[in-house]
Structures are given as C-alpha cells and as structure tokens.
Amino acid sequence: MSIQCRNCGFVNPSNMRFCGSCGLRLLATGILPAIEPIAEQEVTNQLGELVGADLLDRFRQAGLEAAGQHRPVTVLFVDLSGYTLLSEKINDAEKMYELVQRCTKMFANDVYKYDGIVDKFTGDGLMALFGAPIAHENSTELAIRAALDMQTDLEKLSAELKEQLGFEIKAHIGLHSGSVIVGGVGSNMMMNYTAIGDVVNLASRIESAASSGMILVSEVVYKKVRTLFDFEAVPPLQLKGVSQPVIAHSVLRTKIKPGSMRGIEGLYAPMVGRDGELIRLHQAVNSMNSEKLGRFSAVSGEAGIGKSRLISEFKSFVSQLPMQVLEGYSLIYRKGVSYWIFQDMILRLLEVDADTPPIEFQARLRKHVISLLPKRVDDVLPYLEQMLSLPLSNPETAKRINYLAAEQLRQQIFLAVRDLILAEAQQKPVVLILEDLHWADSGSLELLDFLLESLVKNPIVIVAVSRTFADGKLAEITKRASDLLRLRYTDLSLKSLSPDQSDRLFSQLLAIQNMPEALRSHIIQRASGIPLYLEEILRM
C-alpha cells in the first residue's frame, strides 16, 4: 500500500520511512509526527498577521494564474553547517532528527514571513523561491531579509540549546536570481518549479561555497540590493560545474540609511504613460489648497506598474508648494506591528532612524508635540509614545493607561494621531501619502478609516497607494471616502503601458544603435507593459 506524504503530497512506496520528495519522515498513515508538519492551520496560527490568514489561498491562486509563465525569482538555499560533525557530537539519531526538524521548520516560517515559498526540503535545510507565484517588486530584498532572519533565529536557538548541546549551531545560505518556469501547486504551501538554465544550480553551488554562518550571494543579487544592505566582497568562487570564476558577496547587515533599489544605474528615463494620472493628482492638491477642504486619491495597480514612479513625480511637484508632506510606508515584514504605517510617518517626520537613541527619539517627539499642541501635550503625547513603543514620560499617565481597556486605548491612539495631523494642517496644508497599503496591518487600516472624517473640513489630501482597493477593508475605506467626499474623491487605476509607450520607455532607458528589431520587440513583448519588468529585463 502506498503512503502519501501529508507535507508535500508525494505518493511513496509502502516500505519508505522518509518521503522521497521532501525528505521528511513518514508514519504508516503518511501523517507526520507533531514536530514536522507545516499544516495550514498551524501556519495560520503561528504567522498570524505577518502574512495574513489567507496565505495558502494566495499562493494557490497566484500559482494557478502564473502557471506556464516565465517569472524572475530569487532562489535561496540554506543548510545547517557541519552536519556530519553535528551528528557525531549529538550521537543520538532521534535528537538529531528533532533538531533538524526544528531548524528547518524555523527556516520555513522565515520564508513565509516574507511571502516566499518553500520549493523543497533538502534534509537539513531547504530551497525557497521569492517572486513567484506571488510577484513583488522587491523579491530579492525579501529573500535577503528572510536569510538574515534565519541567521538571527538560529543564533537565538543556538544560545537556548548551548548549555544542553555544548556547542553552537550555524547555517550557511546562498542566493541567486534568475528566471524560472512556474509549475504546479502542491499541498501545504509547497510549490514545484523548473528553472531555466543554471539558476537553481548556481544558487545551490553558491550556498555550498558559503562558510559557516555566512550568507553568500551572486553578483546579480548584489547589484539588485547593494543600496539596501552592507556587503563584503569575497574572492571569486571556483564552483563545481561552472567553467568561469563566480563573483560573490557576503551579506553583513541591513544598511542604516538604505538607498533606492529601482532603476538602472547611470540611466534615468522621464515618466511614460502617466501624464493624465499626474495631472489629476496636481488638481486634487491645487483644489484642496484653494478650497481648504480635504480630498482622497486612491492610486492602484499591479506590482511594477509604475505607482512609485508616479508618486515620486507627484512629490516633486508638491515640494514646490507651501505644503507639509507626510509619508508612511507599509512593509510586508511589518504586518505584525500595529499601526506601522503611522509609526513610519512619525519616524520620517521627526527624521528618526535605527541609529537614533530612544531617549533622543522621545525628546524629539515631545518637542514636536509641544510646538504644535502646547495646551494638549498630556492628551496627545502619552498615546503617541504608547503607539511607538516608547517609555511613557509621565508616570501618572502611565498608571492611568494601564487601566484602560484595549478598545479605549485604541480610541485614544486614534485621537492622538488625528490631532497631530490636524495640528500640522493648521500650520500649512498637509499631503499625507500612504504607500503599499496592500501590506498594511489591520490597525493601520482602521486608523485610516477613522481619519476620513477629518478630510471633510480640513486642508488635507490623503493619497492612498495599493495594488488593489477591490477587497476587504481597503474596499470599505475607498467606498466610504467616495460617499463622504463625492467629487473630492479620485480613483486612479494604473493600466499596463501600450506597446508604443513601452517602446518609448525602452528607448529612454537604453539607447543602443542598430539593435535588431526582432530582439527589441521580443523584450517589449516579454515586459507585458509593466515598466519594472522592462527595467529588470534590461538589467540582466
């Protein structure tokens, strides 16, 4: 009788003790021991808002839609370092097995946290893909953040077990980017892909060359994200099966002050195909400024369609006007942080970064609140401090807040953020730009909904940017904004560039004389009217 693995769905012969596809141990029923499975409900419970309870459905739907397509992805391999020596030191097959399962499960959770997907387990590690089936403009960044979290989480686990084991546990990780053909959707968040060329093979070879505790990336990966992370060059790699030396870099840490990762170095192209949308944003701001009444603009479009470029051009226009621009960015790896987009807004407003000591951060916040709301500091400051996870500066207020019910505290935070923004608007009109709302936590969306009333009679324009406003809370917010503001609501849905527009963008990005027309047409066709895809193809 065959045994179907409940982890990956592979049908194994009856005499198999371990799954022939994913490598996990089987029981006679095919059900894995409690420590092993990454079951749908378990993943939902563990990850919670980090990726959303609908993660499995998102993978399945995206996989079905992407089947048979070429997709740019970043491939990640991770394995425990010194596996043989580790086994000898533990000298207990059952304990070693449990340790490996604990580590690989931890690695998998870090993959899912950043919207990656586990392609396969590899014994004492795994292979993961970022960028398919769910596409992201920053899939390479997400892959490296997952790798950094894997090392951090493993350090914590190693410290926890050091007294018991008597030695450290380390892993080595390798990453490479390239194109794959999307295959079928498996079970329990597993996907199968067939890579084009040597993408997967090279990622695996790079991982094998990585030293214990190292994250090693190819030159392709390095060029994509060198403005976001600190790297250290390593000697060219002589890899098995690769004729030429491979240039690689070791990831050290996230940059304290990251730069932009968009565009092709040394080249700049004017915005193409978005003039109408930019004019409507200009009109919204000009009307708000003259009428002193708020407006709401919803900018939507799929990944890479040009939302960020449109907003960049819009900010250049607003910077020439007597207005205050407030910005907040949602991040996929901050989905578990309540009110993150408004926290980010305040961090940017106060020019606070990872290097700013908490005491200085708190002092800047207090000074700013006093300058805007001198008579209401005690009504506003404690709740902003609470939202920002800062120590409360007033001990008496801290005691009072401890007695508030969760809903009461939430309401006070809403009021504090609203009052701060309204006070800014009394100084000069405010343009509040909220980016990547498709990644926003539920608290941020509830707070945005609460702020809509403030637009009715105050000089504030909210520019909300998301891949879609068609579903869930975002759909409710835009409908309410439309009903509340009527003609002061603007819907800007970005569409793919036409072939002529794509050709014009191509010419501005890459002016090469005598390029074969067939090659040019093929590149434009592959980009499918998505500016980011065109940039990425030209970058390769």
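First, a word on what this report is: a plain description of the structure on this page.

Analysis parameters
- Residues numbered from 1 in each chain as written.
- Predicted model: local features only at pLDDT ≥ 70, side-chain atom pairs only at ≥ 80, totals over all residues.
- Heavy atoms only, no water.
- Helix = DSSP H or I, 4+ residues; strand = E, 2+ residues; numbered from the N terminus.
- Buried < 20%, exposed > 50% of the residue type's maximum accessible area, 1.4 Å probe, protein only.
- Contact = heavy atoms within 4.5 Å.
- Areas by Shrake-Rupley, 256 points an atom, 1.4 Å probe, with all protein chains shown as cover.
- Pairing = 2+ DSSP bridges.
- Right-handed = clockwise from strand over helix to strand, strands pointing away.
- Core = buried A, V, L, I, M, F, W, Y, C linked by side-chain atoms within 4.5 Å.
- Expected span 1.5 Å × (residues − 1).
- Arc of directions from axis to C-beta.
- Axes fitted to C-alpha atoms, helices over the stretch in contact; angles between N-to-C directions.
- Parallel < 35°, antiparallel > 145°, perpendicular 65-115°, else oblique.
- Phe/Tyr/Trp six-rings, centres within 6.5 Å; stacked < 30°, edge-to-face > 60°.
- Lys NZ or Arg CZ within 6 Å of the ring centre and 35° of its normal.

Focus on the overall build of the protein
Of the regular secondary structure elements, the protein holds 19 helices and 15 strands. The 540 residues of the protein split such that 52% are buried. A separation threshold of at least 6 residues defines the contact pool for the protein, and within that pool the share at least 24 residues apart is 72%. Element-wise, carbon and sulfur atoms account for 51% of the exposed surface of the protein, whose accessible area totals about 25000 Å².

Things to note about the pairing of strand 13 (residues 430-435)
In terms of burial, strand 13 is largely enclosed, as 6 of its 6 residues are buried. Here strand 13 shows two buried faces, one formed by Val430, Leu432 and Leu434 and the other by Val431, Ile433 and Glu435. The pairing of strand 12 (residues 324-329) with strand 13 spans 6 bridges and is parallel. Each bridged residue has a counterpart across the sheet, and for Gln324 the counterpart in strand 13 is Val430. As paired strands, strand 13 and strand 14 (residues 460-466) are joined by 5 bridges and run parallel to one another. By the bridge assignment, Val431 is partnered in strand 14 with Val461. Handedness of the β-α-β unit built from strand 13, helix 15 (residues 442-451) and strand 14 comes out right-handed.

Details of helix 12 (residues 377-387)
Counted residue by residue, helix 12 has 8 buried out of 11 residues, so it is predominantly covered. If you check which residues of helix 12 are buried, you get Val377, Val380, Leu381, Pro382, Tyr383, Leu384, Glu385 and Met387. Turning to helix 12, the residues buried within the fold contact helix 10 (340-349), helix 11 (358-372), helix 13 (395-402) and helix 14 (406-427). Ser389 occupies a position one or two residues after helix 12 and carries a positive phi of about 60°.

Here's the deal with the nonpolar core
Of all hydrophobic cores here, the largest spans 56 residues; its most connected members are Phe296, Phe342, Ile346, Leu365, Leu384, Leu432 and Leu437. Per-element accounting of this core gives the leading share, 10 residues, to helix 14. Ignoring anything within four residues of it in the chain, the contact list for Leu432 reads Leu326, Phe342, Met345, Ile421, Val461, Ile462 and Val463. Leu126, Ala128, Val251 and Tyr333 belong to the second-largest nonpolar core, a separate cluster that totals 47 residues.

A few points about helix 9 (residues 307-318)
Every α-helix winds through 3.6 residues per turn, so residues three or four apart in the chain are directed the same way. Helix length check: helix 9 (12 residues) gives 16 Å between terminal C-alpha atoms against 16 Å at 1.5 Å per residue, within 8%. Within helix 9, the full set of buried residues consists of Lys307, Leu310, Ile311, Phe314, Phe317 and Val318. One side of helix 9 holds all its buried residues, which, seen down the axis, span an arc of 110°. Where helix 9 is buried, its residues touch helix 8 (275-291), strand 11 (295-300), strand 12, strand 13 and strand 14.

A closer look at the sheet that holds strand 13
Taken in spatial order, the 5 strands of this open sheet run 12-13-14-11-15, and their pairing is parallel. Whereas interior strands pair on both sides, the edge strands pair on one side only; in this sheet they are strand 12 and strand 15 (489-493). The average undirected angle you get between the axes of adjacent strands in this sheet is 15°. Of the pairings in the sheet, the one linking strand 11 to strand 15 comprises 5 bridges and is parallel in character. The residue of strand 15 that forms the bridge with Phe296 is Tyr489. Packing against the sheet, helix 8 makes contact with strand 11, strand 13, strand 14 and strand 15, and its axis sits at approximately 165° to strand 11. Its contacts with the sheet put helix 16 (residues 472-485) on strand 11, strand 14 and strand 15, and the angle it makes with strand 11 is roughly 145°.

Topic: the environment of Ser338
With respect to the helices and strands, the residue Ser338 is situated in the loop between strand 12 and helix 10. Considered as a pair, Ser338 and Leu388 are 50 residues apart in the sequence and their alpha carbons are 9.5 Å apart. Ignoring anything within four residues of it in the chain, the contact list for Ser338 reads Gln343 and Asp441.

What to know about the environment of Ala108
Position of Ala108 among the secondary structure elements: in helix 4 (residues 93-113). On a C-alpha basis, the gap between Ala108 and Ala146 in space is 9.4 Å, while along the polypeptide they are 38 residues apart.

Details of the packing of helix 12 against helix 14
Axis angle and axis distance: for two packed helices, these are the angle between their axes and the distance between the axes, and together they describe the pair. Contact geometry of helix 12 with helix 14 gives a least axis separation of 8 Å together with a crossing angle of 110°. Classified by the angle their axes make, helix 12 and helix 14 are roughly perpendicular. Of helix 14, the residues touching helix 12 (which contributes Val380, Tyr383, Leu384, Gln386 and Met387) are Leu409, Gln412, Ile413, Ala416, Val417, Asp419 and Leu420.

Thoughts on the packing of aromatic side chains
Within the structure shown, the criterion is met by 5 aromatic pairs. Geometrically, the ring pair formed by Tyr222 and Phe231 is edge-to-face, given 5.0 Å between the ring centres and 85° between the ring planes. When sorted by exposure, Tyr222 lands in the same class as Phe231, which is buried. Taken together, a centroid distance of 5.9 Å and an interplanar angle of 15° make the contact between Phe296 and Tyr489 stacked. With Phe296 in strand 11 and Tyr489 in strand 15, this pair connects stretches of sequence that are 193 residues apart. Accessibility assignment for this pair places Phe296 and Tyr489 in one class, buried. Taken together, Tyr339, Phe414 and Phe450 form an aromatic cluster joined through their ring pairs. Taking the ring centre of Phe167 as reference, the NZ or CZ of Lys89 above it sits at 5.0 Å. Above the plane of the ring of Trp340 lies Arg334, whose end atom (NZ or CZ) is 4.8 Å from the centre.

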